[in-house]
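Fold and contact review
These are the residues of each chain, in order.
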Amino acid sequence: MPTLAEKKAVVEEITEQLESSNAVYITKYTGMSVSDMGELRGKFREGSVQFKVYKNTLVKRAMDTIGGYEELYSHLEDQNGFAFVDEELAAPAKVLKDYIKEHNKPEFKAALIDGDFYSKDQLDTLAAMKSRTEVIGDIVGLLMAPISNVISGLEAQGSNIAGAIQTIAEKGE
């Protein structure tokens, strides 16, 4: 049985995880073997996601310390794993969706992403979210489109003017 000091250290670790993350996902891993959990952890690591198993009471204490996690409290039951991510907020959802499709476990329970609550029936929505890199690419593409149109227009005008000057010059000869 962990001592009070050990429990406090774990609560501090969870608090740091929550503070450095922009999203936390809760999954119910009941019925998964140790090798399944290892495989799932590996998939999460590939997506730069921290996946940990903590006691629900310690997670709740850490969430109480920070505040703003009240919507997740009702999901702190059973055997839960917690996925923490700071950049690619949809990465855990994509990993979970693929893994659940193949193994039918774990059960996605809920997520809190940038303060917004997502329930278990919204996993597909979360998995469909674009990554930060994809969104930046879309924005750059949108910003570049008007510039490309202006350049194309200027080039077209330039060729029209050059063509007109050449036609006039040919007529003058």
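You'll find the structure just up there.
Reading the values: the criteria
- Residues numbered from 1 in each chain as written.
- Predicted model: local features only at pLDDT ≥ 70, side-chain atom pairs only at ≥ 80, totals over all residues.
- Heavy atoms only, no water.
- Helix = DSSP H or I, 4+ residues; strand = E, 2+ residues; numbered from the N terminus.
- Buried < 20%, exposed > 50% of the residue type's maximum accessible area, 1.4 Å probe, protein only.
- Contact = heavy atoms within 4.5 Å.
- Areas by Shrake-Rupley, 256 points an atom, 1.4 Å probe, with all protein chains shown as cover.
- Salt bridge = Lys/Arg side-chain N within 4 Å of Asp/Glu carboxyl O.
- Core = buried A, V, L, I, M, F, W, Y, C linked by side-chain atoms within 4.5 Å.
- Pairing = 2+ DSSP bridges.
- Axes fitted to C-alpha atoms, helices over the stretch in contact; angles between N-to-C directions.
- Parallel < 35°, antiparallel > 145°, perpendicular 65-115°, else oblique.
- Left-handed = near helix turned anticlockwise from the far one by under 90°.
- Nonpolar A, V, L, I, M, F, W, Y, C, P; charged D, E, K, R; others polar.

What follows covers the overall build of the chain. The helix and strand tally for the chain stands at six helices and five strands. Secondary structure of the chain in N-to-C order comes out as α-β-α-β-α-β-α-β-β-α-α. Looking at the chain as a whole, 32% of its 173 residues are labelled buried. In the chain, of all internal contacts separated by at least 6 residues, the share reaching a separation of at least 24 is 78%. Of the roughly 10700 Å² of accessible surface on the chain, a fraction of 54% belongs to carbon and sulfur atoms.

What follows covers the pattern of salt bridges. Tallying each qualifying case throughout the model produces five salt bridges. The salt bridge involving lysine 60 is made with aspartate 64; its shortest N-O contact spans 3.3 Å. On the criterion of helical spacing, the pair formed by lysine 60 and aspartate 64 is a turn pair, its members being four residues apart in helix α3 (residues 56-66). Taking relative accessible area as the criterion, lysine 60 reaches 32% and is therefore assigned partly exposed. Its salt-bridge partner being lysine 97, residue aspartate 124 comes within 3.7 Å of it at the nearest N-O pair. Residue aspartate 124 is located in helix α5 (residues 123-128), and its partner lysine 97 is located in helix α4 (residues 91-103); the two are separated by 27 residues in the primary sequence. Among the residues examined, lysine 97 registers a relative accessible area of 30% and is labelled partly exposed. Each of Lys28, Asp78 and Lys109 takes part in a single network of salt bridges with overlapping partners.

In this section: the nonpolar core. Of all hydrophobic cores here, the largest spans 24 residues; its most connected members are Tyr25, Leu40, Phe44, Phe108, Ala111, Ile113 and Leu126. Mapped onto this core, the elements with two or more residues apiece are β1 (23-28), α2 (34-46), β3 (80-85), α4, β4 (107-113) and α5. The element that contributes the greatest number of residues to this core is α4, accounting for five residues. One finds Ile26, Leu58, Met63 and Ala110 within the second-largest nonpolar core, a separate group that totals 17 residues.

Turning our eyes to something else, we now look at the pairing of β3. Taking burial as the measure, the six residues of β3 include six buried ones, the bulk of the element. Direction of pairing for strand β2 (residues 50-53) relative to β3: antiparallel, over a ladder of four bridges. Its bridge partner lying in β3, valine 53 is registered against glycine 81.

Further remarks concern the sheet that holds β1. Taken in spatial order, the five strands of this open sheet run β2-β3-β1-β4-β5, and their pairing is antiparallel. Since the sheet does not close on itself, it has two edges, and those belong to β2 and β5 (116-119), each with one partner. The mean inter-strand angle of the sheet, taken between neighbouring strand axes irrespective of direction, is 20°. Contacting β1, β2 and β3, helix α1 (residues 4-20) crosses the sheet at an angle of about 150° to β2. Strands β2 and β3 of the sheet are contacted by α2, whose axis makes an angle of about 150° with β2.

Next up on the list: the packing of α1 against α3. Axis separation between α1 and α3 bottoms out at 8 Å; the angle between their running directions is 55°. The orientation of α1 with respect to α3, classified from their angle, is oblique. Considering only the axes of α1 and α3, their crossing is right-handed. Every residue of α3 that contacts α1 at Lys7, Val10, Val11, Ile14, Thr15, Leu18 and Glu19 is listed here: Leu58, Val59, Arg61, Ala62, Met63, Thr65 and Ile66. Of the residues that constitute the contact of α1 with α3, the class distribution is nine nonpolar, two polar and three charged.

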